[in-house]
Amino acid sequence: GDLTDEQKEAVKGPEPPKDLQPKKLMWSGIPANRFATSIFSHIVDDLTAAKKGSVEKPKTLRMRLNLDALTISFFTRKQEKVDEKKDTKKKAFATCIDPKKSQNVEIFLNGCGVTIDQVKESLIELQESTLKVDTLAKVLETYPQGEELGTLKEFKASNDPAVLPWGRAETFLLSLMDLPNFTLRAECCMTRGRFADEFKELTHDVSLMGSCLGS
């Protein structure tokens, strides 16, 4: 059954070291109806009698406790709680767009060697030789659409690049967004750039058709 206060006081041992905690052991306690017939009951009786100063012969053999061995067997060192805020590595850049999209933008910029200054020269200063039409078409493909557009606007409003630099993809896309009428300008420049070749091809087709009709 349950121990009395007197018995609890008798079996009370020393406090474990503050830097240790009990190990999680896979065992179950002794059922109350079997405790009275177990050796632990006799140990409790002997300790209680010793506490009272009884001279009766103990029922169990007196053993010298090896507290160091018990501590090693039943306790383990406490694990320090990791402060997630301190443990998290400091971010080098502020980002917001999908990692896959960000990677694709960086691959494009590296592969084609495109800079925002080149885009400005092509669209604002109308320098045809700065960017090829196909390259400009790829720039247009990277321009944010729908939800991504709103995400970047919120990102720009809440992140100061002077405090934490923006990611390369975010920087490039936000720079595109800063260009007035970017999409319309890009489409017009692409049409202009393709006009000569398409006109030449169309002229050839018209000439060929004229020859067929005149024969």
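Just above, that's the structure.
What you see is a predicted model, and the numbers here were worked out from it, not measured in a lab.

What counts and what doesn't
Residues numbered from 1 in each chain as written. Predicted model: local features only at pLDDT ≥ 70, side-chain atom pairs only at ≥ 80, totals over all residues. Heavy atoms only, no water. Salt bridge = Lys/Arg side-chain N within 4 Å of Asp/Glu carboxyl O. Helix = DSSP H or I, 4+ residues; strand = E, 2+ residues; numbered from the N terminus. Buried < 20%, exposed > 50% of the residue type's maximum accessible area, 1.4 Å probe, protein only. Contact = heavy atoms within 4.5 Å. Core = buried A, V, L, I, M, F, W, Y, C linked by side-chain atoms within 4.5 Å. Phe/Tyr/Trp six-rings, centres within 6.5 Å; stacked < 30°, edge-to-face > 60°.

Right, let's talk about the pattern of salt bridges for a bit. Tallying each qualifying case throughout the model produces three salt bridges. A salt bridge links Glu128 to Arg192, with the shortest nitrogen-to-oxygen separation between them at 3.9 Å. In this pair, Glu128 is assigned in the loop between α7 (116-123) and α8 (133-142) and Arg192 in helix α11 (residues 182-214), connecting sequence segments 64 residues apart. Put simply, Asp178 and Lys156 hold a salt bridge, and the shortest N to O gap is 2.9 Å. One end of the pair, Asp178, is in helix α10 (residues 168-178); the other, Lys156, is in helix α9 (residues 146-158), and 22 residues separate them in sequence. In this structure Lys156 comes out as partly exposed when scored by relative accessible area, which is 37%.

Moving on, we come to α8. Taken residue by residue, α8 has Thr135, Leu136, Ala137, Val139, Leu140 and Thr142 as its buried positions. Those residues of α8 that are buried lie in contact with α6 (99-112), α7, α10 and α11.

So, about the nonpolar core. Within the largest apolar cluster, 29 residues are counted, with the highest numbers of intra-cluster contacts made by Val114, Val119, Leu123, Val139, Phe172, Leu176 and Phe182. Top element by residues in this core is α10. It accounts for six residues. Setting aside residues up to four positions removed in sequence, Val119 forms contacts with Val114, Ile124, Leu131, Val139, Phe172, Leu176, Leu179 and Phe182.

Another aspect to go through is unusual backbone geometry. Of note in the backbone geometry, Leu126 takes a positive phi value of approximately 60 degrees without being a glycine. Classification of Leu126 by relative accessible area gives partly exposed; the value is 49%. One non-glycine residue with positive phi stands out, namely Asn181, at about 50 degrees. With respect to the element layout, Asn181 can be found in the loop between α10 and α11. Owing to a relative accessible area of 55%, Asn181 belongs among the exposed residues under this scheme.

On to the packing of aromatic side chains, then. If you walk through the whole model with that rule in mind, you get two aromatic pairs. Measuring from ring centre to ring centre gives 4.8 Å for Tyr143 and Phe182, while their planes differ by 15 degrees; the resulting arrangement is stacked. Placement of Tyr143 in the loop between α8 and α9 and of Phe182 in helix α11 is noted, with a sequence separation of 39 residues between them. Neither residue differs from the other here; Tyr143 and Phe182 are each classed as buried. A centroid spacing of 5.7 Å and a plane angle of 55 degrees characterise the contact between Phe155 and Trp166, whose relative ring orientation is tilted. Of the two residues, Phe155 sits in helix α9 while Trp166 sits in the loop between α9 and α10, which places them 11 residues apart along the sequence. Note on Trp166: relative accessible area 16%, which makes it buried.

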